[in-house]
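Structural description and commentary
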Amino acid sequence: MERVEGLLFDASVEGNVTLLQTLLQQDPLILDRVTVNRCDDMPLHVASMLGHIDFVNEILSRKPQLATESDSQKCLPLHIASAKGHVKIAKALLSAHPETCLARDRDGRNPLHVAAVKGRIEVVKELLQAQPHAARAMVEQETILHMCVKHNQLEVLKLLVESMAHDHEFVNSKDGDGNTILHLAVADKQIETINFLILNTTIEVNASNENGETSMDILAQGPKQAKDQQIIQSLKRADAVEPKENGLIEIIPQKRRSKLISSKYYKKLFPPLSQKNREDWLDKKRNTLMIVASLIAGMAFQIGANPPGGVWQVEPPINATQPSNATQYAGYAVMAYQHETLHDIFLISNTVGFISTLSIILLLISELPLLKHRIFTWIMTFILWIATTCMSITYYVSITVTSPESETRAIRLASIIVIFVWIGLITFLFAAYAVRLVEITEDEPKA
């Protein structure tokens, strides 16, 4: 008898379906006897561990109930296949008994927990499809999300968050010490995980654990590393409160420290948005861009068709001598004859303003998915500033050519002052928004 059982074990190790069939013909009860007499090295467990799909299918076709048998560690074959990442075997075992996805091993983990910890993302997909509720099972007061962060399995974490439709309550679940997954990610300094949670979930950045510590407090108390700077920036952009023990400034190099100090004044002018309001803000921003661009485009078209100073109403006398570049013809702008240089400036600035705003309108009505990114919203804002500046130049030319000569000198003096103020304002805004654009780019989670 021991010799037959030894042959069965060898067959399961090798995945030898022919030998299995031969042994079953000699003793149809051999699989049942091995299961009763031995706790480990059961054929289905061994084949599931080694990835012998044909061997597994042969056993399941004859004894599907063996998929529910556990070894001495209370592991089912599905636990083992999940840990090893054998997708086909996991599917076969689930087909035989879907409820095995909910079975617990000696550590209280179901097969989905095991696959998540090991980073077997394809197996995780199959298990979620078979039993979605398995993801909500707790293990020693920890959720599967806590386990993903503890084992640094970001891709599995992303899949689980997506499958749970961004469940706010589950994402913010706490373990036995009151820590959320953000607490754990900050404690382990997982920058990519932190950025993903802040930008793509409804995680509460200021949640406290049992000791009343927020994620910023956890960071302040831990060992200081260079990557702490990036974590601080990400948390503060998500409206994280200052740590109770203000030790974070010590980890920042002197060059970086001055930048953070100056950023306090920047954030007073441009306060950061919370995650839940960010998409609404972008929609309002795009609507505002559309309205302003449409208004400027209409103004540019109107003033282009009706230039300041009007157009010549009559043709010159037929016998009058006209130079080859004469502009005194009906429909031609009077300004082109009387103020040739200013007319050129007028045409350039008005055309640039008109084309810029038309470009913004065309991009917004196209509704391309790429344009919903925040960076492209800032770029369209820059384009609108260019259009606004061009319209200011157009206005200056208009009042210059339509004002009496006696008032032109005073107008030019006032205009020079206004132009310098305008250039200063645009320079300040451009610098501020350029810094913001760089910070937004840094916020994006790395692939």
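Residues numbered from 1 in each chain as written. Predicted model: local features only at pLDDT ≥ 70, side-chain atom pairs only at ≥ 80, totals over all residues. Heavy atoms only, no water.

1. Focus on the overall build of the protein chain
In terms of helices and strands, the protein chain carries 22 helices and zero strands. For the protein chain, the proportion of its 447 residues judged to be buried stands at 44%. Considering only residue pairs separated by 6 or more positions, the protein chain has 71% of its internal contacts joining residues 24 or more positions apart. (Helix = DSSP H or I, 4+ residues; strand = E, 2+ residues; numbered from the N terminus. Buried < 20%, exposed > 50% of the residue type's maximum accessible area, 1.4 Å probe, protein only. Contact = heavy atoms within 4.5 Å.)

2. Focus: the packing of helix α8 (residues 111-118) against helix α9 (residues 121-130)
Packed helices, taken two at a time, are described by the angle their axes make and the gap between the axes. At a closest axis distance of 9 Å, the pairing of α8 and α9 adopts a crossing angle of 155°. If you check the angle between α8 and α9, you find them roughly antiparallel. In terms of crossing hand, the pair formed by α8 and α9 is left-handed. Where α8 abuts α9, its residues Pro111, Leu112, Ala115 and Ala116 lie against Val123, Val124, Leu127 and Leu128. Per-class residue counts for the contact of α8 with α9 are eight nonpolar, no polar and no charged. (Axes fitted to C-alpha atoms, helices over the stretch in contact; angles between N-to-C directions. Parallel < 35°, antiparallel > 145°, perpendicular 65-115°, else oblique. Left-handed = near helix turned anticlockwise from the far one by under 90°. Nonpolar A, V, L, I, M, F, W, Y, C, P; charged D, E, K, R; others polar.)

3. Some details on the environment of Trp378
Structurally, Trp378 can be placed in helix α21 (residues 374-401). Since its relative accessible area comes to 7%, Trp378 is described here as buried.

4. A short note on the UniProt feature "transmembrane region" (unreviewed entry) in the protein chain
As annotated in UniProt, the feature "transmembrane region" (unreviewed entry) corresponds to residues 345-365, 377-398 and 410-435 in the numbering used here. Between the end C-alpha atoms of residues 345-365 there is a gap of 30 Å, over a span that is 100% helix and 0% strand. End C-alpha to end C-alpha, residues 377-398 measures 31 Å, and it is 100% helix and 0% strand. (UniProt positions renumbered as here; feature names shortened; annotations may be inferred.)

5. Brief notes about the side chain of Ser12
Tracing the chain through its elements places Ser12 in helix α1 (residues 2-14). Not counting residues up to four positions away in its chain, the partners in contact with Ser12 are Pro43, Val46, Ala47, Leu50, His52 and Phe55.

6. Quick look at the packing of helix α6 (residues 77-84) against α8
Where α6 meets α8, the axes come as close as 8 Å, and the angle between the chain directions of the two elements is 15°. With respect to α8, the axis of α6 lies roughly parallel. Crossing handedness for the pair α6 and α8: right-handed. Every residue of α8 that contacts α6 at Leu78, His79, Ser82 and Ala83 is listed here: Pro111, Val114, Ala115 and Lys118. Among the residues forming the contact of α6 with α8, the class breakdown is five nonpolar, two polar and one charged.

7. Considerations on the pattern of salt bridges
Applying the stated criterion across every chain yields a total of ten salt bridges. Linking Arg62 and Glu58 is a salt bridge whose minimum nitrogen-to-oxygen distance equals 2.8 Å. Residue Arg62 and its partner Glu58 are located together in helix α5 (residues 53-62), separated by four residues, close to a single helical turn. For Glu242, the salt bridge goes to Lys236, with nearest N and O atoms at 3.2 Å. What makes Glu242 partly exposed here is its relative accessible area of 49%. Here Lys236 falls in the partly exposed class, since its relative accessible area comes to 22%. (Salt bridge = Lys/Arg side-chain N within 4 Å of Asp/Glu carboxyl O.)

8. Thoughts on a nonpolar patch on the surface
Together, Val13, Met49 and Leu50 line one region of the surface with nonpolar side chains, adding up to about 220 Å² of accessible area. Tracing the backbone shows Leu50 in helix α4 (residues 43-50). Residue classification places Leu50 among the partly exposed residues on the basis of a relative accessible area of 39%. (Patch = residues over 30% accessible without salt bridge, like charges linked within 9 Å, V, L, I, M, F, W, Y side chains within 5 Å. Areas by Shrake-Rupley, 256 points an atom, 1.4 Å probe, with all protein chains shown as cover.)

9. Observations concerning the nonpolar core
As a rule of thumb, nonpolar side chains are buried together in soluble globular proteins. The biggest cluster of nonpolar side chains holds 68 residues, and the ones touching the most others in it are Leu93, Ile144, Leu157, Leu160 and Leu235. Residues contacting Leu93, with those up to four places away along its chain left out, are Leu44, Ser48, Val56, Leu60, Ala67, Pro77, Leu78, Ala81 and Thr100. With eleven residues, the next largest nonpolar core counts Ala297, Ala300, Met380 and Leu384 among its residues. (Core = buried A, V, L, I, M, F, W, Y, C linked by side-chain atoms within 4.5 Å.)

10. What about the packing of aromatic side chains?
Per the counting criterion, the structure on display carries two aromatic pairs. The interplanar angle of 35° and the centroid separation of 6.4 Å between the aromatic rings of Phe301 and Phe354 together place this pair among those described as tilted. Remark: Phe354 occurs in helix α20 (residues 340-366) and Phe301 occurs in helix α18 (residues 275-305); sequence separation between them is 53 residues. Looking at Phe301, the relative accessible area reads 56%, which means it is exposed. You can call Phe354 partly exposed: its relative accessible area is 23%. (Phe/Tyr/Trp six-rings, centres within 6.5 Å; stacked < 30°, edge-to-face > 60°.)

11. Some points on α20
Between its first and last C-alpha atoms α20 spans 39 Å; for 27 residues at 1.5 Å apiece the expected length is 39 Å, and the two agree. Among all positions of α20, only Leu342, His343, Phe346, Ser349, Asn350, Gly353, Ser356, Thr357, Ile360, Ile361 and Leu364 are buried. Directly after α20, the chain includes Glu367, whose backbone phi takes a positive value near 55°. (Expected span 1.5 Å × (residues − 1).)

12. Notes on the environment of Asp283
Here Asp283 is to be found in helix α18. Residue classification places Asp283 among the partly exposed residues on the basis of a relative accessible area of 38%. As a C-alpha pair, Asp283 and Thr377 span 94 residues in sequence and 9.7 Å in three-dimensional space.

13. Some details on the confidence of the model for the protein chain
In this model, the protein chain carries an average pLDDT of 82, and 80% of its residues clear a pLDDT of 70 or more. Confidence scores differ between elements of the protein chain, with helix α17 (residues 254-269) showing the lowest mean pLDDT of 42 and α8 the highest of 97. Counted against residues more than four places away or in other chains, residues 247-270, with its pLDDT under 50, gives 24 contacts. Low pLDDT, under 50, characterises residues 443-447; the predicted model gives this stretch 13 contacts beyond four residues in sequence or across chains. (pLDDT = per-residue confidence, 0-100.)

14. Quick word on unusual backbone geometry
Of note, Lys74 is a non-glycine position whose phi angle comes to about 65°, a positive value. Within the element layout of this structure, Lys74 appears in the loop between α5 and α6. Among the residues examined, Lys74 registers a relative accessible area of 46% and is labelled partly exposed. Although it is not a glycine, Lys189 sits at a positive phi angle of roughly 55°.

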